[in-house]
Amino acid sequence: MEKETYLTFLMDKDLFAVNVINVLEVLEQQQITRVPKAPEYIMGITNFRGEILPVFSTRHKFNLPIKEEMGKQYVIVYDISQGEQNKLVSATADGVKDVIEIGADEIKPVPEMGLNYDSRFISGVIEKNGRFILMIKPEKLFTTADIELNESIISQEKAAKQSK
Amino acid sequence: MNLDNVLIELEKDPHNAPLINEAFRAMHTIKGAGGMYGFDHVVEITHNIESLFDVIRQNKSPISQSLIEVTFSSADHIRELLNDEALENIQNITRHKQLNNAISVVREQITGTSQTAEIPTQNKIAEKSAKLCTWNILFYPNDDIIRRAINLIYTFQDLFLLGEYKISNTPYNSNNEQFWSIFLVTNQPYDEIEGALLFVMDHCKITKIADFNIFNADELAFRNSTLTNKMANEPEKPHFIDPTPKLEPINELFEEIQAPIIKESSLTSPEKHTTSRVNVDASKLDQLMYLVSELVTTKSELLLALERQNYTKVSDAAEKIEKLSNLFSENALSIRLVSLNEMLSRFKRLVRDLSKQLNKSVAFVTVGDDTELDKNIIDKIGEPVMHLIRNCIDHGIESPEKRKSTGKPETGSIKIEAIKSGNNVFLTISDDGNGIDLNFVRSKAIENGFINANSNLTEKEILDLIFLPGFSTAQSLTNISGRGVGMDIVKKKIQEIRGEISINTIKGKGTSFVLKLQQTVSIIETLLIEAEGQTYALPIEDIEACILEPTENFTDRISRQIGYNGQLIPYISLRETLCNVSRNAEITEKIVIIKRAGKVYAIVVDNIIGEYQAVIKPLGEAFSKLNFLSGASLLGDGSIALLLDTDKLWFEISAKSYN
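Just so we're clear, the structure is a prediction, and the values are computed from it rather than from any experiment.

Right, let's talk about the overall build of chain A for a bit. A tally of regular secondary structure across chain A gives three helices and 11 strands. When the helices and strands of chain A are read in sequence order from the N terminus, they spell out β-β-β-β-β-β-α-β-β-β-β-β-α-α. The 164 residues of chain A split such that 23% are buried. Taking the contacts inside chain A whose residues are at least 6 apart along the sequence as the reference set, 51% of them involve residues at least 24 apart.

Listed below in structure tokens is the structure:
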């Protein structure tokens, strides 16, 4: 059975896994420049090898509690290129654990109930040493597309009201 | 000259023989290259068109409008076929059929008879044996033929249409060059042979060897003695004396010639076609090499100075490197500059098609098409400029009847003028049409709720309404413009490359759109400022002055105006607007006065850091909603400065003051 390599990281108390194909680098002590008026799920921007990347706040994306002092934060650089389009983004993580090998048969489907997280971002669940690890889809999680859709609906409603 | 432009010229001057030849050659080249890479359907279409042009060429008849139309459609079809090589797309299949039908209709018009598109076999022609002559063609192929992508199959098919032929292959002559000897019996004159071999004439020697058919055995025997005598007098063609020329089937010959070509085409990767290329002046490359050598020398100086801990030398070297980096960026930018020429020539076709479609007569004039702009900008303005041209033709230029009745020449004109001024390029797109009816725009805007019925707007403000999203004055929706999308997108695209757009119009006389573009966008001179601990950059070009203003002068905090040069101008405080911090400086506020697109306003900042040459990087789609930022730049210490968009900041102010 073909195995694939995954990077696991910690958010609050839960473990997540992401395919290393999508991970470019894990950064510590990364300087993040805040961008005024940016959506709150975007921490800011960062300089990664001379390129400017947005830094997503994974806590916001997962609806986890936001603490004033978050302690040491890691920044994971994701390569979510699709097709010809090159796309790099980065996102925070509370801790980075290890790199594990997972066979396709170990991955269980996402349970319909009892999941604290938006199931659109989760591609499957695995059990390792008695702990559940949620496998994320970075290309779904770290985008602004769904948010923009909502905003465009809101602005359409606003426009409709104004025209009345 | 490209085919489109040739056809446009031909339309004006249908008798122009050199142009007809040009079109014919263009078709021939497309056919050759198409055949070489296996685009069979392209070959089919181009062959049919080419044969039409050939008839025109021979009869010296003028080009008909229908032929031009069908050629234009074919050219478009060929462009489509490049992505649909196997002709699988339903649309393309239908169009392919339609085109072939259209071509045969045109052929009937031209020749007066209905012919099949098929190439007549050599026998048909050879049957007409009146005044047959025998020609010998020596053909020396070399690498050049492959380099020029000439497909020999078509070249020789054309030749063999002329008559009966035999080929003898004598591999090497005395100079160790490979050559082929072709005997052709034909009743056509020399010109025809030369015409068929047009593209390989450099590699051919054509000689008339007999004024009868040497393949005809009876005739040959009859004339044998004469011929031998004749050959004895022409010693420079010794190969002919070869009593039994080795005859080879034509296909075998081509297999041999084609083999290396096929190999080559399979080596070229498909990506190769998509990489864009820039032509660079050789002197710029020389300068680049010079700079590189200077940099290498300075680097060694720096390393040596560091080793010896000689800090005076280190700072000398650093200074030198700074100068060099300026020269490098200038050089790199100049390499990226591309002339407008190519883009403008594409528009010729657009103007022609649109004016046809709308039954208007339009002349297209370009001035200053050798003006250069950054390649990125050229790529970005194509679409907006095209849209403006559409608007000019659709809304601006009147119908010929109407123009006549108002005393204007029947042919309207659209002019694109490019002028370089400092670091800017002004691109003016103007028409001599009807102009924009300001009252009509105003009433439309009131009707659609964009403005109040009693709002008092200046002429310029009314014209700016056109750029509002969803605004359209078109009474009927046409295929070309007037669907209410457009001008706002044009403005947005122009602003994306930090350009400006303005409209001038005189009712009854015409309209002009002026685009003010920066020659390059990737590196700009900025002023670094600070607000709430974050560094921002402002384009120096937009800065009028930096001043200190006593805090007590900000008395009128509700209308947010301050006095500057004896007039009241609005101001925006970065820490309040961007960071929601309301705090006043103790004694004086630092203020940057911005002058952009005729608007003057002030920005209150915490600190003014200094000038900085910023390499602008895009922020990406995650921040696409943040209009007031147009990019970011890395600073020397690795931190990031955000580039403020001076247009959008103004919008922020005006939006506030209206609410």
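It is worth spelling out the overall build of chain B at this point. Looking only at helices and strands, one finds 21 helices and 21 strands in chain B. Scored against the burial criterion, the 659 residues of chain B give a buried share of 30%. Looking at chain B alone, contacts between residues at least 24 apart form 68% of all its contacts between residues at least 6 apart.

A few words on the interface of chain B and chain A. Listed as interface residues are 17 residues of chain B and, on the opposing side, 15 residues of chain A. Among the elements of the structure, α20 (574-579), β20 (629-634) and β21 (640-644) of chain B are those that each provide at least two residues to the side of chain B that touches chain A.

A word on helix α5 (residues 90-111) of chain B. Residues and elements named next belong to chain B. For α5, with 22 residues, the first-to-last C-alpha span of 32 Å sits near the 32 Å given by 1.5 Å per residue. Within the sequence span of α5, burial applies to R95, H96, L99, I103, V106, R107 and I110. The buried residues of α5 occupy one face: seen down the axis, they fall within an arc of 115 degrees. Exposed and oriented more than 90 degrees from the buried face of α5 are I90, T94, K97, N101, E108 and Q109. Check the buried side of α5 and you find it contacts α3 (40-59) and α4 (65-81).

A word on the pairing of strand β15 (residues 561-564) of chain B. Where β15(B) meets strand β16 (residues 567-573) of chain B, four bridges bridge the pair, whose relative direction is antiparallel. Pairing of G563(B) across the sheet is with L568(B), part of β16(B).

The next thing to look at is the environment of Q613(B). All names here are of chain B. Tracing the backbone shows Q613 in strand β19 (residues 607-615). By C-beta crowding, Q613 is classed as partly exposed, having 14 other C-beta atoms within 10 Å. With sequence-adjacent residues up to four places away left out, Q613 is seen in contact with I523 and E525.

Residue and element names in this part refer to chain B. In space, the five strands of this open sheet follow the order β14-β17-β18-β16-β15, with mixed pairing throughout. Edge positions in the sheet fall to β14 (543-550) and β15, since each has one partner strand and no second. Adjacent strand axes in the sheet meet at a mean angle of 35 degrees, parallel and antiparallel pairs treated alike. As judged from the seven bridges shared by strand β17 (residues 588-596) and strand β18 (residues 599-605), these two strands associate in the antiparallel manner. Each residue of the ladder has a partner; that of I593, found in β18, is A602.

All names here are of chain B. At their nearest, the axes of α3 and α4 sit 10 Å apart, and the two run at 165 degrees to each other. By the angle class used here, α3 and α4 are roughly antiparallel. Taken as a pair, α3 and α4 cross one another with a handedness that is left-handed. In contact with H41, V42, I45, T46, I49 and L52 of α3, α4 contributes L67, T71, S74, H77, I78 and L81. Residue composition of the contact of α3 with α4, by class: seven nonpolar, five polar and no charged.

Looking now at the sheet that holds strand β6 (residues 51-56) of chain A. Residue and element names in this part refer to chain A. In spatial order, the strands read β3-β7-β8-β6-β5-β4; together these six strands make up an open sheet with mixed pairing. Bordering the open sheet on either side are β3 (23-28) and β4 (32-33), each of which pairs with just one other strand. Alignment of β6 against strand β8 (residues 88-93), held across two bridges, turns out to be parallel. Across the sheet, V55 pairs through a bridge with S90, a residue of β8.

A word on the nonpolar core. Residue and element names in this part refer to chain B. In this structure, Y536, V592, I603, L642 and L644 are the most contacted members of the largest nonpolar core, which totals 60 residues. Not counting residues up to four positions away in its chain, the partners in contact with L644 are Y536, A537, L538, F628, L629 and L649. Formed by 33 residues, the second largest nonpolar core is a distinct cluster that contains L340, L388, A418 and V490.

What follows deals with unusual backbone geometry. In most cases, non-glycine residues show a negative phi, while peptide bonds are predominantly trans. Although it is not a glycine, Q29(A) sits at a positive phi angle of roughly 50 degrees. With respect to the helices and strands, Q29(A) occurs in the loop between β3 and β4.

Spanning 26 residues, helix α12 (residues 282-307) of chain B covers 38 Å between terminal C-alpha atoms, matching the ideal 38 Å at 1.5 Å per step. With its phi angle positive at about 55 degrees, Q309(B) sits one or two positions after the end of α12(B).

Moving on, we come to the packing of helix α1 (residues 3-12) of chain B against α4(B). Residue and element names in this part refer to chain B. Viewed as axis vectors pointing N to C, α1 and α4 meet at an angle of 170 degrees, and their least axial separation amounts to 11 Å. Here α1 lies roughly antiparallel to α4, going by the angle between them. Of the residues in α4, those touching α1 at L3, D4, L7, L10 and E11 are I68, T71, F72 and A75. Its residues assigned to classes, the contact of α1 with α4 shows six nonpolar, one polar and two charged.

Mapped onto the secondary structure, L53(A) falls in strand β6. Separated by 24 residues in sequence, L53(A) and V77(A) place their C-alpha atoms 8.7 Å apart.

One rule of thumb: low pLDDT means the predicted coordinates there are not for detailed reading. All names here are of chain B. Looking at chain B as a whole, the pLDDT averages 77, with 81% of positions reaching at least 70. Low pLDDT, under 50, characterises residues 114-129; the predicted model gives this stretch 21 contacts beyond four residues in sequence or across chains. Long-range and interchain partners of residues 235-274, a stretch whose pLDDT sits below 50, account for 29 contacts in this model, where long-range means more than four residues apart. Scored by ipTM, the complex comes to 0.81, with pTM at 0.53.

When you line up the elements, Q31(A) lands in the loop between β3 and β4. Placed 17 residues apart in sequence, Q31(A) and F48(A) show a C-alpha to C-alpha distance of 9.8 Å. Setting aside residues no more than four positions away along its own chain, Q31(A) makes contact with T46(A), G638(B) and S639(B).

Put simply, chain A has an average pLDDT of 81, and 81% of its residues get 70 or more. Taken element by element, the predicted model of chain A shows its lowest mean pLDDT in helix α3 (residues 145-163) of chain A (55) and its highest in strand β7 (residues 74-79) of chain A (92).

Thresholds, definitions, all that
Residues numbered from 1 in each chain as written. Chains lettered and ligands numbered in written order. Predicted model: local features only at pLDDT ≥ 70, side-chain atom pairs only at ≥ 80, totals over all residues. Helix = DSSP H or I, 4+ residues; strand = E, 2+ residues; numbered from the N terminus. Buried ≥ 20, exposed ≤ 12 C-beta atoms within 10 Å, placed from the backbone. Contact = placed C-beta atoms within 7 Å. Expected span 1.5 Å × (residues − 1). Arc of directions from axis to C-beta. Pairing = 2+ DSSP bridges. Axes fitted to C-alpha atoms, helices over the stretch in contact; angles between N-to-C directions. Parallel < 35°, antiparallel > 145°, perpendicular 65-115°, else oblique. Left-handed = near helix turned anticlockwise from the far one by under 90°. Nonpolar A, V, L, I, M, F, W, Y, C, P; charged D, E, K, R; others polar. Core = buried A, V, L, I, M, F, W, Y, C linked by C-beta atoms within 7 Å. pLDDT = per-residue confidence, 0-100.

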